[in-house]
Amino acid sequence: MLTFSLCNNRQLVSIPPVYAYADDAIILCKETTDPPRIQKVLQVFGNVSNSVINFTKSTFMAITPRGQTKTTRFTNVNEMKVLGILFTPNIMDVIEINWKDIVKKIRFGIQRHLSRNLNVIKKVWHINTFILSKIWYFAQVLPIPEQTAQQIEKIGFYLWKGFVFRIARPQCKLSIKEGGLQLINVKSKCDALFIKYIVRADHSIDTLVFLSNYVSSLHASSMTRSLKKLTADANKFLEDTNIAPEQITTKLIYSYLQDQVRCLPNVQSKFHNKNWKKIWSYFKIPHIPSNWKWESYALINGIIMTEERKYMHHIVPNPQCNKCGTIDTISHRLTRCSDLSRGIWLWLQQKLNNAHKATNPNTNLRIVFDLDLPQTPHYFSILWLAMGFIYYMLQMQTKSLPDFIKELGRVYLQTDVHVRKKLQILDFLTEE
Ligand SMILES: [Zn+2]
């Protein structure tokens, strides 16, 4: 921030602070007498420095009608872009126009990536990192209207393209250890950014209250609702957490707002006696390919499209397997569809037994179908192998044991050396 001042006939002529970013300078005026004074200062500065101000390229926008009373040589405009944000004299227009533009850009960004063959875990990562990142900058200074947040949420169609059964949206937004996919909640994150910005700037929510009252005086009902809710949330956050304004972070506000909308995964409310904390924690374990994790996650959540399930939802005329004619269930697909599948399943059980040494005949079924792993120091190897098996059986069109072993070997060779050490119990990986 620079401050210009100049001595003129022994009188100090000062102008408001100048905000300079790269080769752009912005001067925010409060008084109607400021613009002519700035013009004068710039002209005097030009005379002594031998530089000329280009008045056609230098624009002036009055935010209040009162500001228009004094005329200058600056070009009068009704909108101007400052640091990528379009400003007009009307706050409601500023909010609406900028958010509309962002939604358009997000839609365009998604269109370009629709054809990519990514699993849902990777898509979420892609949305969080590349697609939504565009909006965080704006969200700090422009409160997001409820409707815009809903429009952005429609990116779900990209996430679930080609799926008949899906994970409910609120579940997608839970953290991985809660059974979600860690998809960012657009509304909560935008609100958190805006609240943090305001509280950090004035150590209170006064600006927010002012903005809310001002917008309400404009009779902009939907935005008034959004802002009233935002003000109430901010207030409640400050009261409940009692954190000093300078220590407030977006992450703290976001997780507070997320707590208000937290839900249980569908499958967890259906089968509440399972150890869900343990099951979900497996999806956080690194060094297992995301393709493998995704198939296991889909299996655990019951969204795999078997012919039996399609039939129950009247999508196909019969529940039979396209390959062998028996009823197509998950367990059929994984363990019984053909001699080849049965062979792979028998081989897998041998390898699992070798790793856990449990004698209960159901142990392996529980590992693969429920991710219910026995207590063993080799749990990583067991999880790795089980997820690899689930992926292979659900994704590959033609299956054979040598091909499955080859696929495991391929992934093994791509993993870090220190991870390979953890997989030592799976001796077939190091044979040859
Ligand atoms: Zn079959």
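Residues numbered from 1 in each chain as written. Predicted model: local features only at pLDDT ≥ 70, side-chain atom pairs only at ≥ 80, totals over all residues.

The name given to the protein in an unreviewed UniProt entry is Reverse transcriptase domain-containing protein, with the source organism recorded as Periplaneta americana.

## A closer look at the overall build of the protein
Tallying secondary structure elements over the protein gives 21 helices and eight strands in all. Principal-axis analysis of the C-alpha atoms gives the protein an extent of 100 × 50 × 45 Å. The buried share of the protein, reckoned over its 432 residues, is 28%. Contacts in the protein between residues far apart in sequence, at least 24 positions, make up 58% of those at least 6 positions apart. (Helix = DSSP H or I, 4+ residues; strand = E, 2+ residues; numbered from the N terminus. Buried ≥ 20, exposed ≤ 12 C-beta atoms within 10 Å, placed from the backbone. Contact = placed C-beta atoms within 7 Å.)

## As for the pairing of strand 4 (residues 24-27)
Across four bridges, the pairing between strand 3 (residues 18-21) and strand 4 is antiparallel. Bridge pairing in strand 4 places Val18 opposite Ile27. Taken together, strand 3 and the strand that follows it, strand 4, pair antiparallel across an intervening segment of two residues, in which Ala22 is found at a positive phi of about 50°. (Pairing = 2+ DSSP bridges.)

## Concerning helix 18 (residues 363-370)
In an α-helix there are 3.6 residues to a turn, and that puts residues three or four apart on one side. Every buried residue of helix 18 is accounted for by Asn364, Ile367 and Val368. The buried residues of helix 18 occupy one face: seen down the axis, they fall within an arc of 85°. Residues of helix 18 that are buried sit in contact with helix 16 (330-336), helix 17 (339-356) and helix 19 (379-395). Immediately beyond the C-terminal end of helix 18, within one or two residues, lies Leu371, with a positive phi of roughly 50°. (Arc of directions from axis to C-beta.)

## Describing the packing of helix 3 (residues 120-131) against helix 14 (residues 290-300)
In contact at an axis separation of 8 Å, helix 3 and helix 14 are set at 110° when each is read in the N-to-C sense. With respect to helix 14, the element helix 3 is oriented roughly perpendicular. Contact residues: helix 3 offers Val120, Ile121 and Lys122, while helix 14 offers Ser290, Lys293 and Trp294. Residues belonging to the contact of helix 3 with helix 14 are distributed by class as follows: three nonpolar, one polar and two charged. (Axes fitted to C-alpha atoms, helices over the stretch in contact; angles between N-to-C directions. Parallel < 35°, antiparallel > 145°, perpendicular 65-115°, else oblique. Nonpolar A, V, L, I, M, F, W, Y, C, P; charged D, E, K, R; others polar.)

## Describing helix 11 (residues 250-260)
Restricting attention to buried positions, one finds in helix 11 the residues Ile253, Tyr254 and Leu257. Along the long axis of helix 11, the arc covered by the buried residues comes to 100°, so they all point the same way. For helix 11, the exposed residues set more than 90 degrees away from the buried face come down to Lys251 and Asp259.

## Examining the environment of His356
Along the chain, His356 falls in helix 17. Distance in space between the C-alpha atoms of His356 and His378 is 6.9 Å, their sequence separation being 22 residues. If sequence neighbours within four positions are ignored, His356 has contacts with Thr363, Pro374, Thr376, His378 and Ile382.

## Re the environment of Thr64
Here Thr64 is to be found in the loop between strand 5 (59-60) and strand 6 (75-76). Along the sequence, Thr64 and Leu118 sit 54 residues apart, while their C-alpha atoms lie 50 Å from each other.

## Some thoughts on the environment of Asn213
Mapping Asn213 onto the fold places it in helix 9 (residues 206-217). Along the chain, Asn213 and Ser269 lie 56 residues apart, while their C-alpha atoms are 42 Å from each other.

## Digging into the packing of helix 8 (residues 186-202) against helix 11
Interhelical geometry of helix 8 versus helix 11 gives an angle of 135° and a closest axis separation of 8 Å. The angle between helix 8 and helix 11 falls in the class oblique. The hand of the helix 8/helix 11 crossing is right-handed. Within the contact between the two elements, helix 8 uses Ser188, Lys189, Asp191, Ala192, Leu193, Ile195 and Lys196 and helix 11 uses Thr250, Ile253, Tyr254, Leu257 and Gln258. Broken down by class, the residue content of the contact of helix 8 with helix 11 amounts to six nonpolar, three polar and three charged. (Left-handed = near helix turned anticlockwise from the far one by under 90°.)

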